[in-house]
Amino acid sequence: MRASLGSIVALIAICLLALIGLALTGGGIWLLTLGGSWYYLVCGIAFLATAALVFLRRPEALIVFALVVVGTLIWALYEVGFDWWPLAARGGLVFLLGLLLLTPWVTRRLGTRNVADALDGRDRRPTATHGAGAALSAALGIALVVAVSSWFSDQHNIVGSLPGPRAEAPTYDIPDGEWHAYGRTQAGQRYSPLAQITPANVGDLEEAWHYHTGDESQPGDPTETTFQVTPLKIGDRLFLCTPHQNVIAVNATTGEEIWRYDPQIQGELALQHLTCRGLSYQPPGDATAAAAPTAVPDAAATEAPDAATPAGAAPPAAAADTEQAGEGEAPAATATELSQGGNLTAPQTGGEAETDQPASPEASAGQPVAATKSSRETATCDAKLFMPTADARVIALDPETGAVCANFGNGTGQIDLWQRMPNVNPGSYYSTSPVIVAGNLIIVGGTVLDNVSTSEASGVIRAFDIATAELVWAWDSGNPDQTAPLPEGQTYTPNSPNSWSISAADEELGLVYVPLGNEPPDQWGPDRSEAVERFSSSVVALDIATGEVRWVYQTVHHDLWDFDVPSQPSLLDITVGGESVPVLVQPTKQGEVFVLDRRTGEPVLPVIEKPAPGGAVEPDFTAPTQPVSALSFDPQALRESDMWGATMLDQLACRIAFRGYKYEGRYTPPSLEGTLVYPGNFGVFNWGSVAVDPVRQVMFSTPAYLAFVSTLVPRDDETSLVVNDEQPEGALPALNENFGAPYAVELAPFTSWLGLPCQAPPWGYVAGADLTTGEIVWMHKNGTVRDQSPIPVPFKMGVPDLGGPVMTAGGVAFISGTLDYYVRGYDVTTGKELWKARLPAGGQATPMSYEGADGRQYILVAAGGHGSLGTKRGDSVIAYALPDGSGEADAE
């Protein structure tokens, strides 16, 4: 039996060595022909020699494999140093095979034992401690020591400490404990002045309440259905929206639902994304002036004539699990009663305003009309919530009751964003991000379908009167000098660069700052107009009153990589040369962070133009240079040695793929053979942006690094599917077909046949930077592969974060968007992780912080997953706070 087992194990060893040797030899020859490393060919030959020697029962097999171990170790250290994960990919399989060769079942078959040896009791066959086996054991021991040593060496870590306070805290017309806009204010800082939670006590945070929205996946949803909301906190209420466009008000202290509004979204939409990043708020007061925000009283909705669904009538799936008993709220008056009592002071609409909305309550693309589709009467609103919907409307709601505002939109309660639009295709255009409220205007951008066709809607930016919804101005990047409302019968420029992200505003300067994307298709642009070339992938400052361009700063010239400006700009004042300068901080997908004087658009931190690769597919072209900021998270260009895998085999495959693609560094243009794009269009930074501290003048960020492959695929006609096997379900669009262009595009992450990234980790970090100098002071890999691997092992490899950070005056920052399901708290000064809590689903949203009615500071997280990332779907909104009384004790 022992002999039989030994034979089986030896046969397994021979087969493994031979098969792997053949793969390494064949792949090694292929790699060498592409100009790659010689190691795999040599290693493959050595594997085959070892297999043959084991088959011939020669102990020299162990000597040969000891040389493989030592050679692999020397080569690996030469390529990557003491970096554990790249070392493991190179040597892990070799190490395991070496252990297999040292097992008694194999060593007993090596060498011979004659009669004299048997009579004398001698055994010349090798063992793990004798003969050739001792050499292999020594080699494996050295490799093990190197591997263990690498566990204590982090070559990707930058250690430092951010400076403390350097300026007085700015004042805003908003209570410290509230959150009135996506980034708390229209400055987009994602900074809370609350300081109850500190590095000393953040470890004590516990779940205060857990609310379920009841929003679940539905048939016909696009792949990219995501819960990306950052709620507003006004008075004692939180206001949020769900992927399927429900608007919900909950008690900020208990998590109990107060009201819910369903806009009854139009069906059969050509959606690429289905999300809602947030709502916008107009405070009560004179709507013709920038009124100071006033807290909305917290009272539950009753059976108002047209209130949204009150808490008692919420769907069964929506419920709040709370640790607090929480008394029920007193019933509120109806919207009509509130108006009669003087609590809703805006006058009723006395006549029809001249708008570009239809005179009758009908929508141009078949959408429902909010004021006529509700089962109840609509409200006369002073304060308003604005909800952008997936069927291209902006609906105004009463924050008190959730009722549709009848004194808005000429009696419709909404704005129809399809008005004056070309290429009307419901679902192909809408605003995924909250609108900007600036004085007496709401300013609205929108997303268009990416890489579907050359006949898409316009990227026009429009401003509407906040009281009547009358169109005040429209800035179309395809026709930038005309901002007055268009005459009847005219439409905006098709396919012009759009703004799908979040804008920011400085009302004192009278400017709104708009991050712009690209003209579709992203990867092909020989015929772009002069205006498109000027405004594509730029941040543009528009006059709030007129929509006229005050300045433009382009972050990528002739963008062929889908490097939209994805992030909301952050506005703050920093001290430069002893003077306070009002700046705009603009993160980008390609990793540059531009710090500009927001009055003029001139760089405050230096920007240089660096030469960029050429060689675009003709007649397209590339820009000769691209801008690089002094504050840059641009990674080093990929090398063959940066390729990675779970084993040396898939790493070899990635090396062959790397050598086969076109790649000359960042900005290598798309090609017919396939271009490696690094950083890829996932972005070093994306819609979550960064957080800035206006007192310390520092930035907290979550840079991510993933390579993508972009391949142009010739089209034979304008209608056939080229990169999709079949037409998507229903009205969903066929992505990346580029109907009307000469090429479709194949876009995919650069991964191995095992589905793992071909580039070595880390893939995600947290980083802190000094905005006055541009120095990256600290940077640490962040997150584990627990929820992305078949076995839930919490290896801290550094994973991407999709969502934004929030910073607090207490010196703690929070993020929830990593690919593992955690919300984490960090020391802003050093970047050290101080606290984490497990989430029930992917947390691809930006957290926020507020003060509850109980005086506690809360951290709020939405955890609902992200379809394109494959994180788990859910419907959770979770609040965390310090235990009762602990915050006051720490403050004392």
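Residues numbered from 1 in each chain as written. Predicted model: local features only at pLDDT ≥ 70, side-chain atom pairs only at ≥ 80, totals over all residues. Heavy atoms only, no water.

Asker: Explain the nonpolar core residue by residue, including any values.
Answerer: Nonpolar side chains tend to gather and get buried jointly when the protein is soluble and globular. One finds Trp 209, Trp 259, Phe 814 and Tyr 850 to be the most contacted residues of the largest nonpolar core, which totals 57 residues. Setting aside residues up to four positions removed in sequence, Tyr 850 forms contacts with Gly 177, Leu 194, Trp 209, Lys 233, Leu 238, Ala 252, Arg 856, Gln 857, Tyr 858, Leu 860 and Ala 879. Val 9, Leu 17, Phe 65 and Met 648 belong to the second largest nonpolar core, which has 41 residues in total. (Core = buried A, V, L, I, M, F, W, Y, C linked by side-chain atoms within 4.5 Å. Buried < 20%, exposed > 50% of the residue type's maximum accessible area, 1.4 Å probe, protein only. Contact = heavy atoms within 4.5 Å.)

Asker: Could you give an account of the sheet that holds strand S31 (residues 691-693), naming the residues involved and the relevant values?
Answerer: With antiparallel pairing, four strands are arranged side by side in an open sheet as S31-S32-S35-S36. This sheet does not close on itself; its edge strands, each paired only once, are S31 and strand S36 (775-781). When strand polarity is set aside, the average angle formed by the axes of neighbouring strands in this sheet is 15°. Bridge count for strand S35 (residues 765-770) against S36 is six bridges, and the pairing is antiparallel. Across the sheet, the residue bridging to Ala 769 is Ile 776, located in S36. (Pairing = 2+ DSSP bridges. Helix = DSSP H or I, 4+ residues; strand = E, 2+ residues; numbered from the N terminus. Axes fitted to C-alpha atoms, helices over the stretch in contact; angles between N-to-C directions.)

Asker: Any chance you could break down the pairing of strand S12 (residues 384-388) for me, citing the residues and the numbers?
Answerer: Of all the five residues making up S12, five are buried; the element is thus mostly covered by neighbouring parts of the structure. Residues Lys 384, Phe 386 and Pro 388 line one face of S12 and the alternating positions Leu 385 and Met 387 line the opposite face, and both faces are buried. Here strand S9 (residues 280-282) runs beside S12; their pairing, made up of three bridges, is antiparallel. Along S12, the bridge assignment pairs Ser 280 with Phe 386. Taken together, the four bridges between S12 and strand S13 (residues 393-397) define a ladder with antiparallel strand orientation. Paired with Pro 388 across the bridge in S13 is Val 394. Count of turn residues in the S12/S13 antiparallel hairpin: four residues, of which Ala 392 carries a positive phi of about 70°.

Asker: A description of the packing of aromatic side chains should follow, citing residues and the corresponding values.
Answerer: Scanning all chains against the criterion turns up 27 aromatic pairs. Here the aromatic rings of Tyr 39 and Trp 75 are separated by 3.8 Å at their centres, their planes lie at 5°, and the arrangement is stacked. Taken as a pair, Tyr 39 in helix H2 (residues 39-55) and Trp 75 in helix H3 (residues 60-80) lie far apart in primary sequence, 36 residues in all. Residue Tyr 39 is classed as buried on the basis of its relative accessible area, which comes to 4%. Following the ring pairs from residue to residue traces out a cluster consisting of Trp 84, Trp 85, Trp 151 and Phe 795. (Phe/Tyr/Trp six-rings, centres within 6.5 Å; stacked < 30°, edge-to-face > 60°.)

Asker: So what about the state of the cysteines? Which residues, and what values?
Answerer: By the definition in use, this model includes three disulfides. Cys 381 shares a disulfide with Cys 405; S-S distance 2.1 Å. Its torsion about the S-S bond being -95°, the disulfide of Cys 381 and Cys 405 is classed as left-handed. Taken as a pair, Cys 381 in the loop between helix H9 (370-373) and S12 and Cys 405 in the loop between S13 and strand S14 (414-416) lie far apart in primary sequence, 24 residues in all. Here Cys 381 matches Cys 405 in class, with each residue buried. The partner cysteine of Cys 654 in its disulfide is Cys 758, sulfur to sulfur 2.0 Å. On the sign convention where negative is left-handed, the bridge of Cys 654 and Cys 758, at about -70° about the S-S bond, is left-handed. (Disulfide = S-S within 2.5 Å.)

Asker: How would you explain the sheet that holds strand S39 (residues 822-827) if you had to name every residue and give the values?
Answerer: If you walk across this open sheet you meet the five strands as S1-S37-S38-S39-S40, and the pairing is mixed. Every interior strand has two partners, whereas the edge strands, strand S1 (191-192) and strand S40 (833-838), have only one. Relative to S40, S39 is paired through five bridges, and the arrangement is antiparallel. Note that in S40 the partner of Arg 824 across the bridge is Lys 836.

Asker: Which residues make up unusual backbone geometry, and what values go with them?
Answerer: Working note: non-glycine residues mostly have negative phi, and peptide bonds are mostly trans. Here the residue pair Glu 618 and Pro 619 is connected by a cis peptide bond, since its omega of 10° sits within 30 degrees of zero. Mapped onto the elements of the fold, Pro 619 is located in the loop between strand S28 (607-611) and strand S29 (625-629). In this chain, Tyr 678 is followed by Pro 679 through a cis amide linkage whose omega measures 0°. On the secondary structure map, Pro 679 appears in the loop between strand S30 (675-677) and S31. Phi at Arg 420 takes a positive value of approximately 65°, unusual for a residue other than glycine. The phi dihedral of Asn 451 falls on the positive side, at around 60°, and the residue is not glycine. Residue class for Asn 451 comes out buried when judged on its relative accessible area of 3%.

Asker: Kindly report on the side chain of Gln 367, identifying the contributing residues and their values.
Answerer: Note on placement: Gln 367 falls in the loop between helix H8 (335-340) and H9. Among the polar contacts listed, one links the side chain of Gln 367 to the backbone oxygen of Asp 391, at a separation of 3.1 Å. Engagement of the side chain of Gln 367 in a polar contact is seen with the backbone oxygen of Ala 392, the distance being 3.4 Å. Those residues in contact with Gln 367, other than ones at most four positions away along the chain, are Gln 266, Asp 391, Ala 392, Arg 393, Asp 416 and Trp 418. (Polar contact = N/O pair within 3.5 Å; in protein donor to acceptor, adjacent residues only side chain to side chain.)

Asker: Give a detailed account of a nonpolar patch on the surface, specifying residues and quantitative values.
Answerer: Nonpolar side chains collect at one region of the surface, where Ile 8, Ile 12 and Leu 16 lie side by side and expose about 250 Å² of accessible area between them. You can see Ile 12 is positioned in helix H1 (residues 2-33). (Patch = residues over 30% accessible without salt bridge, like charges linked within 9 Å, V, L, I, M, F, W, Y side chains within 5 Å. Areas by Shrake-Rupley, 256 points an atom, 1.4 Å probe, with all protein chains shown as cover. Salt bridge = Lys/Arg side-chain N within 4 Å of Asp/Glu carboxyl O.)

Asker: Tell me about helix H11 (residues 648-660), and please be specific about residues and values.
Answerer: Relative to the 18 Å expected for 13 residues at 1.5 Å per residue, H11 spans 18 Å between its end C-alpha atoms, a close match to the ideal helical length. The residue sitting at the N-terminus of H11 and contributing the capping side-chain oxygen is Thr 647; that oxygen lies 3.2 Å from the backbone nitrogen of Leu 649. (Expected span 1.5 Å × (residues − 1).)

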